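This is what each chain is made of:
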Amino acid sequence: MLFFNSTSFKAMENGLQASWLQQQVAAQNLANLETPNYKAKTVSFSDAMQQANEQFSNSARYSFRTEIETREDTSARLDGNNVDTDKESLVLYKAYAQYSYLTQKINGSFSNFRYVLTNGPR
């Protein structure tokens, strides 16, 4: 089905996966708050528009890349642990809000699609 292969749907789908991963990493960091020498991890999410030709066309696709990196450059405590509770809590909430927003957008797209199918020409 064309809808599931559209660039916007793929962007929302990959955004959901990335924000879910962000939530998991932030929760893992918070769970290891008291672990000596634990280094907090971060998620970087980047997207780049890849074009089949030199000019934009409908066949252009997004390429999404998500990476988990370990923050080695800081040490918040004497035991070597660098988890910042306030920062991780904020990251967790931001990822949750993004996930919720994208879920609503996908549900809205399905509602529009269902409306067109139900009320279209007969």
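Residues numbered from 1 in each chain as written. Predicted model: local features only at pLDDT ≥ 70, side-chain atom pairs only at ≥ 80, totals over all residues. Heavy atoms only, no water.

Caption draft 1: Looking closely at the overall build of the protein chain. Looking only at helices and strands, one finds 2 helices and 2 strands in the protein chain. Secondary structure of the protein chain in N-to-C order comes out as α-β-β-α. By residue count, 25% of the 122 residues in the protein chain fall in the buried class. In the protein chain, 67% of the contacts between residues at least 6 apart in sequence involve partners at least 24 apart. (Helix = DSSP H or I, 4+ residues; strand = E, 2+ residues; numbered from the N terminus. Buried < 20%, exposed > 50% of the residue type's maximum accessible area, 1.4 Å probe, protein only. Contact = heavy atoms within 4.5 Å.)

Caption draft 2: Structural view of the packing of aromatic side chains. Taken as a whole and judged by the stated rule, the model has 3 aromatic pairs. Summarising the aromatic geometry, the rings of F9 and F110 are spaced 6.2 Å apart at their centres and angled 70 degrees between planes, so their arrangement reads as edge-to-face. One end of the pair, F9, is in helix α1 (residues 7-31); the other, F110, is in helix α2 (residues 85-119), with 101 residues separating them in the sequence. According to the relative accessible area criterion, F110 is partly exposed, its value standing at 29%. Between the aromatic rings of W20 and Y99, the centroid separation amounts to 6.0 Å while the plane-to-plane angle is 50 degrees, which identifies the pairing as tilted. In this pair, W20 is assigned in helix α1 and Y99 in helix α2, connecting sequence segments 79 residues apart. Exposure remark for Y99: the relative accessible area of 30% places this residue in the partly exposed category. (Phe/Tyr/Trp six-rings, centres within 6.5 Å; stacked < 30°, edge-to-face > 60°.)

Caption draft 3: Looking closely at the nonpolar core. Counting 5 residues, the largest nonpolar core consists of F9, M12, L16, L102 and I106. Per-element accounting of this core gives the leading share, 3 residues, to α1. Excluding anything up to four places from it in sequence, L102 contacts M12, G15 and L16. (Core = buried A, V, L, I, M, F, W, Y, C linked by side-chain atoms within 4.5 Å.)

Caption draft 4: Focus on the packing of α1 against α2. Packing of α1 against α2 brings their axes to within 8 Å, and their N-to-C directions diverge by 155 degrees. Our classification of the angle between α1 and α2 gives roughly antiparallel. α2 is crossed by α1, and the crossing has left-handed handedness. Looking at the contact of α1 with α2, its residues break down into 15 nonpolar, 10 polar and 3 charged. (Axes fitted to C-alpha atoms, helices over the stretch in contact; angles between N-to-C directions. Parallel < 35°, antiparallel > 145°, perpendicular 65-115°, else oblique. Left-handed = near helix turned anticlockwise from the far one by under 90°. Nonpolar A, V, L, I, M, F, W, Y, C, P; charged D, E, K, R; others polar.)

Functional significance is not addressed by these values, which are geometric in nature.
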